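Observations on the three-dimensional arrangement
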Amino acid sequence: MKPIRGSGGAVALAVAMLAGACGPSGGAADAFRRAGDPGEVGAALARARDSGAVVNGSGAPMLFAAITGAGGDQIVAFDLSAGRVVWRQLDQVAARVAVSRAVVVFARPDGVLAARAMSGGALRWTLSVPAGETTIGYAADDGRVYVVTRPAARPRGCALAGYDAATGARSFRVELDGECGGPAARGGIVAVPRRSQYVTFVDGGSGRVLADLISREQAATFVQGTPRGFFFGSTGVFLASRATASGARDAGGYVAAKLPSFVRPIYAPDMYRPEQAAYSALDRNRVVWRAVEDGGRLAFARGVVAVHHFRFFFGVDAIGGAVRWAYVHPRVDAIASAWVGDALLFVAADGEIGALDAVTGRRTFRASFGDGTFLVQGVTFDAEGFAPRGDVEPAADLVDALAEILWDPDKRFSDVKLFAIEELAKQPGPQATRELLKAMDARALPYLISQKALDALVARADPGALDVYTTALRQHADYADDRPAPRLSVLARAVATLKATQAVPELVEHLRLPDTDLDAVAEISRAVIAMDAVEAVPAFTDYLLQYRADPELLERPDALIAAANVLLRLGGARERAALLYVLNDDKTLQAVRLHLRGHLLGGDE
Amino acid sequence: MDARVRACLAVGAVAGALLCAPASAPAAPASSAAKTKAAKPTPVRTRRVAPLPQERLANLGATLLGGDSAAAVAAAQELGGSGAPNAADPLIEALALGTWPEVAQAAILALGRLRESRAVPLLTLYAGNRNEVTRTAAVTALAQIPDDRAAGALFERLGDASPKVRAAAAAGLAERKDRRAVNRLTKLFARGDEAAAAALGALAPADAVPGLAELQGRVSDDTFVALLGEVLKREDVPDPLRVDVVDLLAKIPGVVATAALAEYLATAPADGRPSLGAAQRVMDDRGRTP
């Protein structure tokens with residue numbers, strides 16, 4: 001996404017230049033001399049006024065969607081509690097919508113900021129950034145809109161300007177040193193990330209710099225203003241406070257989740273990258289979180305973070321990383337999501353809106369503004385506290401949900417399918433075993449995933465799955481029925497792990513079949529030896545005698561040696577006599593004779 | 001004394017698992033449909049053949065077990081061709097103790113020629129051998145043995161990955177007139193298996209033929225002709241059905257369809273049946289077509 005650049009052209013609405021904007025915050029040394037002072041940071045944060053759960057002037061939980069389709073590019077305002085579109089306007093939204101009490105603000109593709117009235121959506125004002133400046137980002141609180149720009153003349157600095165949300169009149173402009181990221185705002189306080197390590201708190205009315213927080217232990221690439229305070233961080237989340245004025249992780253104000261391996265720990269867009277100010281695939285592939293203070297320490301709400309991965313949502317235990325629930329949205333991607341109260345809100349590309357219970361994953365809400373003529377490009381939510389209580393669908397059984405992911409025909413999600421296999425392996429019960437077995441044999445799945453299923457199955461050692469294994473072993477390759485052979489190696493290992501001697505007859509039956517590969521024979525032999533399954537000896541005797549002189553096994557005698565080992569370990573006098581015959585007969589392959597000589601006669605191999 | 005038991009004792013119960021207890025074999029499918037019935041075993045020609053002299057038998061047996069592969073093959077062939085009631089024992093012993101593939105194949109085919117029922121478990125084992133030629137030989141041999149236990153392996157090998165093995169199994173079941181194979185043969189036919197098509201044509205109930213004809217287009221013309229050609233040859237199908245079959249063949253261009261019609265004309269009894277006239281007209285038209 002291209003950075004938003006100042007047009008330098010005419011401004012649609014005259015902007016009054018107010019005097020009294022603060023001057024530059026000084027040189028680098030002055031700017032951060034008192035960075036990390038707990039008192040200053042605490043005092044700055046205490047000035048934030050309570051602006052309520054939602055910011056928009058209607059007081060209702062809302063979402064604002066940028067859509068594109070047959071009717072052109074539009075912005076849509078949807079009232080979640082009323083379940084209806086409040087207004088829609090033709091306009092091009094190039095970067096995220098910011099919400100104020102009176103207006104919503106967004107950048108257009110030409111860089112102009114447009115403000116549309118909260119009631120009705122009429123255009124209230126537009127703003128072009130000063131010529132020679134590049135917009136880094138913008139934010140809004142209940143009363144004002146704040147814009148951070150980088151002047152071309154001061155590439156290592158930035159400017160923060162505040163504007164009255166209702167009128168677009170500028171309240172202040174302050175020059176700041178150091179590279180800046182896009183701002184966040186709440187209750188009259190603006191937070192500006194600076195030099196990747198600092199967060200500067202500024203009075204939203206005057207532009208006076210109030211305090212600098214320093215994140216010593218982790219880069220601070222994002223900051224968010226919420227009713228619960230300002231959060232910042234990069235690979236984890238800090239709650240800005242006196243305690244975290246220096247960004248100490250052990251001060252109780254820091255939390256990071258244990259995430260599945262396929263998930264990038266992106267808690268929020270990087271505000272130093274203007275392209276991430278636009279709606280993008282990042283909104284569909286991220287961690288969705290809500291942090292709260294719990295007994296004086298910061299924690300993720302309900303101990304859960306959600307992973308949003310295109311069509312999939314996972315509720316993950318934030319501490320242990322275990323998956324608690326999974327939800328698969330059918331057919332189209334979920335474009336945006338947000339955690340509001342106890343619900344995970346999302347909007348799909350076709351305009352369907354949903355909410356999931358954050359703890360159970362149960363679908364609790366369904367609405368739509370889709371009409372089949374557009375696609376949603378991005379959504380901003382202003383819905384803090386929205387608490388749908390419906391029971392639209394029962395929570396999907398986790399095994400069923402993981403299986404649905406595994407068999408989803410969308411080929412984009414190999415990494416998620418691998419994850420689904422890993423999680424299936426952790427679920428008890430025969431149903432999970434059945435899905436893993438199916439995955440092992442599925443030609444529709446990439447080889448890596450089938451292999452993963454195979455390994456997971458063996459490691460599982462689920463005694464309740466014995467019937468599943470036995471059924472799988474009874475399956476023989478058959479061209480007429482278009483049936484492949486089962487994965488004997490893994491089934492043999494699984495049976496041996498369980499010491500399931502009941503399955504030995506089905507296991508050794510495969511020795512007499514032409515499709516049984518040599519590795520499987522070796523694996524079966526190891527399994528029967530491990531289980532002390534003497535009933536397998538006749539089948540291995542048959543195998544050894546049948547193939548002992550077959551030159552096709554000259555390069556791969558390991559299966560024959562494995563068969564001989566079964567007779568050596570489990571056989572009696574009759575088998576020993578058979579082995580002596582095999583040893584002494586010239587037709588037997590040399591490698592087998594050498595092996596037997598070593599074991600029967602104590603000779604060197 | 002049973003040769004198998006002798007082999008058990010002679011080598012200290014070497015290969016006792018094979019020789020002294022029957023190898024496992026899949027059962028032939030139960031005849032679940034009212035229309036299917038177990039095939040009658042192929043009548044064995046009873047011909048009094050003298051047993052081989054003990055010395056000769058012993059020599060042949062030793063050669064079979066010996067270190068000269070070519071000689072062993074020749075010994076197997078002699079035993080198979082002898083028809084002697086005691087010729088099977090050394091063959092069974094050789095297979096039970098294991099040998100080179102080419103010797104095994106010769107021994108297997110010999111047991112088939114001898115129609116030796118005692119060899120069915122062993123041949124069933126070798127019907128699952130990794131070597132395609134060995135499997136084909138075992139299936140061919142089993143098909144010759146008038147023992148219903150043999151059918152199980154034939155049914156199973158209809159699902160073999162090798163088309164040659166499937167073809168041998170299909171031909172064997174057709175030769176045995178075992179209609180229990182129709183369902184599996186139909187699956188193979190639908191997958192375009194030409195050998196299965198011929199067997200199916202020989203075995204399918206007459207009233208199933210129209211349904212099979214609807215698969216035309218899903219299988220190659222040659223496969224479809226293989227089915228129809230066999231149907232034509234059957235005496236147990238009504239002639240109006242043969243006429244329909246001739247009409248179907250008439251619509252298929254090429255030498256294979258022409259050959260099927262020609263074979264029918266050459267082999268069918270000259271009883272003036274309408275299907276013969278229809279076939280002749282088609283041939284005449286094909287002859288006139290430039």
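Now for a quick tour of the structure. (Residues numbered from 1 in each chain as written. Chains lettered and ligands numbered in written order. Predicted model: local features only at pLDDT ≥ 70, side-chain atom pairs only at ≥ 80, totals over all residues. Heavy atoms only, no water.)

Regarding the sheet that holds strand β29 (residues 352-357) of chain A
Residue and element names in this part refer to chain A. Taken together, four strands build an open sheet; the order of strands is β27-β28-β29-β30 and the sheet is antiparallel. Each edge of the open sheet carries a strand with a single partner, namely β27 (334-340) and β30 (363-368). Across this sheet, the average inter-strand angle for adjacent strands is 15 degrees, counted without regard to direction. Pairing of β27 with strand β28 (residues 343-348), which is carried by six bridges, proceeds in the antiparallel orientation. Each bridged residue has a counterpart across the sheet, and for Ala336 the counterpart in β28 is Val347. (Pairing = 2+ DSSP bridges. Helix = DSSP H or I, 4+ residues; strand = E, 2+ residues; numbered from the N terminus. Axes fitted to C-alpha atoms, helices over the stretch in contact; angles between N-to-C directions.)

Concerning unusual backbone geometry
Positive phi is not limited to glycine here, since Arg331(A) has a value of about 70 degrees. Here Arg331(A) lies in the loop between β26 (323-328) and β27. You will see that Arg115(B), though not glycine, has its phi angle at about 50 degrees, which is positive. Secondary-structure assignment places Arg115(B) in the loop between α6 (101-114) and α7 (120-126).

A closer look at the side chain of Asp333(A)
Residues and elements named next belong to chain A. By the secondary structure assignment, Asp333 is in the loop between β26 and β27. Within the structure, Asp333 has its side chain in polar contact with the side chain of Arg412 (distance 2.7 Å). What Asp333 contacts, discounting residues up to four positions off in sequence, is Phe310, Arg311, Ala348, Ala349 and Arg412. (Polar contact = N/O pair within 3.5 Å; in protein donor to acceptor, adjacent residues only side chain to side chain. Contact = heavy atoms within 4.5 Å.)

Here we look at the sheet that holds strand β21 (residues 285-288) of chain A
All names here are of chain A. Here we have four strands laid out as an open sheet, ordered β21-β24-β25-β26, and antiparallel in their pairing. In this open sheet, the two strands that pair with only one neighbour each are β21 and β26. Going from strand to strand, the sheet's axes swing by 15 degrees on average, the running direction of each strand aside. In terms of strand pairing, strand β25 (residues 312-317) meets β26 through five bridges, oriented antiparallel. Residue pairing across strands places Phe312 opposite Val328, the latter belonging to β26. Contacting β25 and β26, helix α3 (residues 398-406) runs over the sheet at an angle of about 50 degrees to β26. Lying on the sheet, helix α4 (residues 414-426) is in contact with β24 (304-309), β25 and β26; it crosses β25 at an angle near 45 degrees.

A short note on the side chain of Arg286(A)
All names here are of chain A. Structurally, Arg286 is set in strand β21. One buried charged residue, Arg286, remains without a salt bridge, the closest side chain of opposite sign being Asp283 at 5.6 Å. Within polar-contact distance, the side chain of Arg286 engages the backbone oxygen of Ser337 at 2.9 Å. (Buried < 20%, exposed > 50% of the residue type's maximum accessible area, 1.4 Å probe, protein only. Lys, Arg positive; Asp, Glu negative; His and termini not counted. Salt bridge = Lys/Arg side-chain N within 4 Å of Asp/Glu carboxyl O.)

Notes on the pattern of salt bridges
All names here are of chain A. Using the criterion set out here, one finds 61 salt bridges over all chains in the structure. One salt bridge in this structure joins Arg34 and Asp37, with 3.5 Å as the shortest N-O distance. With a shortest N-O distance of 2.8 Å, Lys426 and Glu423 are connected by a salt bridge. Residue Lys426 and its partner Glu423 are located together in helix α4, separated by three residues, close to a single helical turn.

Comments concerning the interface of chain B and chain A
Counting residues at the interface gives 38 residues for chain B, matched by 34 residues for chain A. Carbon and sulfur atoms supply 51% of the area that chain B and chain A bury against each other, a total of about 3,100 Å² over both sides. Taken together, chain B and chain A are joined by five salt bridges. Its salt-bridge partner being Asp481(A), residue Arg184(B) comes within 3.6 Å of it at the nearest N-O pair. At the boundary of chain B and chain A, one finds 11 residue pairs in polar contact (both at pLDDT 80 or more). In terms of residue class, the side of chain B that touches chain A is made up of 18 nonpolar, 10 polar and 10 charged. (Buried area = accessible area lost by both parts, 1.4 Å probe. Nonpolar A, V, L, I, M, F, W, Y, C, P; charged D, E, K, R; others polar.)

Overview of the packing of helix α13 (residues 573-584) of chain A against helix α14 (residues 590-601) of chain A
The relative placement of two packed helices comes down to the angle between their axes together with the axis-to-axis distance. All names here are of chain A. As a packed pair, α13 and α14 sit with axes 9 Å apart at the nearest point and diverge in direction by 130 degrees. With respect to their mutual orientation, α13 and α14 come out oblique. Relative to α14, the crossing made by α13 is left-handed. Packed against α13, whose contacting residues are Arg576, Leu579, Leu580, Val582, Leu583 and Asn584, the element α14 presents Val592, Arg593, Leu596, Arg597, Leu600 and Leu601 at the interface. (Parallel < 35°, antiparallel > 145°, perpendicular 65-115°, else oblique. Left-handed = near helix turned anticlockwise from the far one by under 90°.)

Observations concerning the environment of Arg195(A)
All names here are of chain A. Turning to its location among the elements, Arg195 is positioned in the loop between β14 (189-194) and β15 (198-203). Overall, Arg195 belongs to the partly exposed group, its relative accessible area being 39%. Taking the C-alpha atoms as reference, Arg195 lies 5.6 Å from Gly178; in sequence the two are 17 residues apart.

A closer look at the pairing of strand β7 (residues 113-117) of chain A
Residue and element names in this part refer to chain A. Here β7 lies mainly inside the structure; five of its five residues are buried. Alternating positions in β7 separate into two faces, Leu113, Ala115 and Ala117 on one and Ala114 and Arg116 on the other, with burial throughout. Between strand β6 (residues 103-107) and the antiparallel strand that follows it, β7, lie five residues; Gly111 among them carries a positive phi value of about 95 degrees. Where β7 lies against strand β8 (residues 123-127), four bridges are found, and the strand directions are antiparallel. Across the sheet, the residue bridging to Arg116 is Leu123, located in β8. Between the antiparallel neighbours β7 and β8 lie five residues, among them Gly120 with a positive phi of about 95 degrees.

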